[in-house]
Amino acid sequence: MPIEWSGLSPELLLTVDRRRPEPLRAQLEGELRDAIRSGRLGVGERLPSSRELASALGVSRGLVQECYGQLMAEGYLSSRIGSATRVAAGASPPPTRAARPAPGAAPPRLRVDFRYGVPDLPSFPRGDWLWSVREAARVAPTADLDYGHPHGSPVLREVLAAYLRRVRGAAADPEAIVICAGFAQGLNVTLRVLARAGIDRVAFEDPGYDETSAFAADFAGVRVARVPVDDAGIDVNALAATGARAVVVTPAHQWPTGVVLAPERRHALIAWAVEHDAVIVEDDYDAEFRYDREPVGAVQGLAPDRVVALGTVSKSLAPAVRLGWIVCPPALAPAVAAEKIRGDRGSPALDQLALAHLIQSGRFDRHLRRMRAVYAQRRGALVDALAQHAPGVRLTGLSAGFHAVAHLPEGADEDAVIGAARARSVGLYGMSAQRSTHATTPPKLVLGFGNLSERAIRDGIATVADVLNRRS
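Presented here is an overview of the structure given in this document. Because the structure is predicted, anything quoted here is derived from the model rather than measured.

Before going further, it helps to spend a moment on the packing of aromatic side chains. As enumerated under the stated definition, the model contains nine aromatic pairs in all. Each ring, one from F289 and one from Y375, has its centre 5.1 Å from the other, and the planes form 85°; the classification is edge-to-face. Of this pair, F289 sits in the loop between β9 (279–283) and β10 (307–312) while Y375 sits in helix α12 (residues 363–389), and the two are 86 residues apart along the sequence. Grouping residues by exposure puts F289 and Y375 together as buried. One aromatic cluster in this structure is built from Y116, W255, Y285 and Y429. Here the basic side chain of R345 rests over the ring of Y147, its NZ or CZ set 4.9 Å away from the ring centre.

The following block contains the structure:
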């Protein structure tokens, strides 16, 4: 199907050279033939009007009309009264396609996918986002359309600082905030800055971001230590034994176990950072979505000179927005901004302004309140479905977010459960992928329910109920 270029007359790159002995008409005919034969112009594509092409090339309109007429006679072009001149059927070769690998057994299409880390994409507030983009474009000063400040939009940083102080208890200063493209970029930029400052051994929670920590080791050039997590969060004594001078933690809702960092562990973590002149990198993961527990403030609010706090709207809005922030200790902010700007010259300015309008207008808070109710209902559907169909499976990590940990019966084979579910077109995911050892015992699943309807959750669990109940 040809692309229908909008506008009165699509542009087309053709050249004629008056220094050549060949007549201009012959040159133009040859250029058009080559464009059609090579596939640069596809079947059905519209050519510029004779008036527009003549003006662009600096030749007479009659010359272009004669050229078009000749190519129609040769079967390269076609035209009808009242319609544009187009490439004729059969005149252009089919587009070349990249060679495909030899066909093999295609993975089964998943009917229900309990993939974690994905919010409810259909609930993205399209109307509010469109309003915010229009408002940003309408009121943005001309100067805001330039590359902008290395830290990001001053407007967004002011709004974020106020929002984080109000909602997360953060000690946020707009001058110490750097806007980035999400958690991964924020983490990698931060770790590179720390590595340049001599902090090249970084601890990660275990289980935790296994792929992210491996990527950080390659990208930022740091050595990774893994620290165990228990029911109270990261083991600070084990952290101290690693010799690391930076640690990446998810205190509000630990990924993937879902535990909350206990108050005594928070204070112990800060004491460790002070004693070892270390830095805490806080991923405020799933902090927006809580259900049956009191709000937990950011660790950054307790030690702003020791904590780099990373936040993003990938879970609260959608990953496609690609906006996040780094709340830095004041001494680190200039270096973080310089590292960020070296990579991409800044995040999209209009999107930053749109996000600022969305938050400041109250529409962002309204969206979060609505999504808390949606996720709470889906969480309830998961609990009820497992209680009905797989009562031997225990769920934990349900106090916040939109994933839960399913503890399979003792002796169950995690890989076998996942494979059997896939054969029934249900996507399940094991805890082993998040462990540094990739051990499959004790057998656990990480069940994401953010992007599934309540009906899909119930159907998915019912479909694999016998698999979940199965022991070795």
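Bringing the pairing of strand β15 (residues 444–448) into the picture now. Counting buried residues in β15 gives five out of five residues, a clear majority hidden from the surface. Taken together, the five bridges between strand β13 (residues 403–407) and β15 define a ladder with antiparallel strand orientation. Considered in β15, the bridge of A406 is made with L445.

So, on to unusual backbone geometry. The peptide bond linking D206 to P207 adopts the cis configuration, its omega dihedral lying at 5°. Tracing the chain through its elements places P207 in the loop between β5 (201–206) and α7 (210–220). Of note, the amide linkage connecting T441 to P442 takes the cis form, showing an omega dihedral of -5°. Locating P442 in the fold gives a position in the loop between β14 (426–427) and β15.

Moving on, we get to the sheet that holds β10. The sheet built from eight strands is open, its strands ordered β4-β11-β10-β9-β8-β5-β6-β7 with mixed pairing. Of all strands in the sheet, those with a lone pairing partner are β4 (177–180) and β7 (233–234), marking the two edges. Here β10 pairs with strand β11 (residues 324–327) via four bridges, running antiparallel. When the bridges of β11 are listed, T312 appears paired with G324. The sheet strands contacting helix α9 (residues 263–275) are β6 (223–230), β7, β8 (246–249) and β9, and the helix crosses β9 at an angle near 140°.

Rules used throughout
Residues numbered from 1 in each chain as written. Predicted model: local features only at pLDDT ≥ 70, side-chain atom pairs only at ≥ 80, totals over all residues. Heavy atoms only, no water. Phe/Tyr/Trp six-rings, centres within 6.5 Å; stacked < 30°, edge-to-face > 60°. Helix = DSSP H or I, 4+ residues; strand = E, 2+ residues; numbered from the N terminus. Buried < 20%, exposed > 50% of the residue type's maximum accessible area, 1.4 Å probe, protein only. Lys NZ or Arg CZ within 6 Å of the ring centre and 35° of its normal. Pairing = 2+ DSSP bridges. Contact = heavy atoms within 4.5 Å. Axes fitted to C-alpha atoms, helices over the stretch in contact; angles between N-to-C directions.

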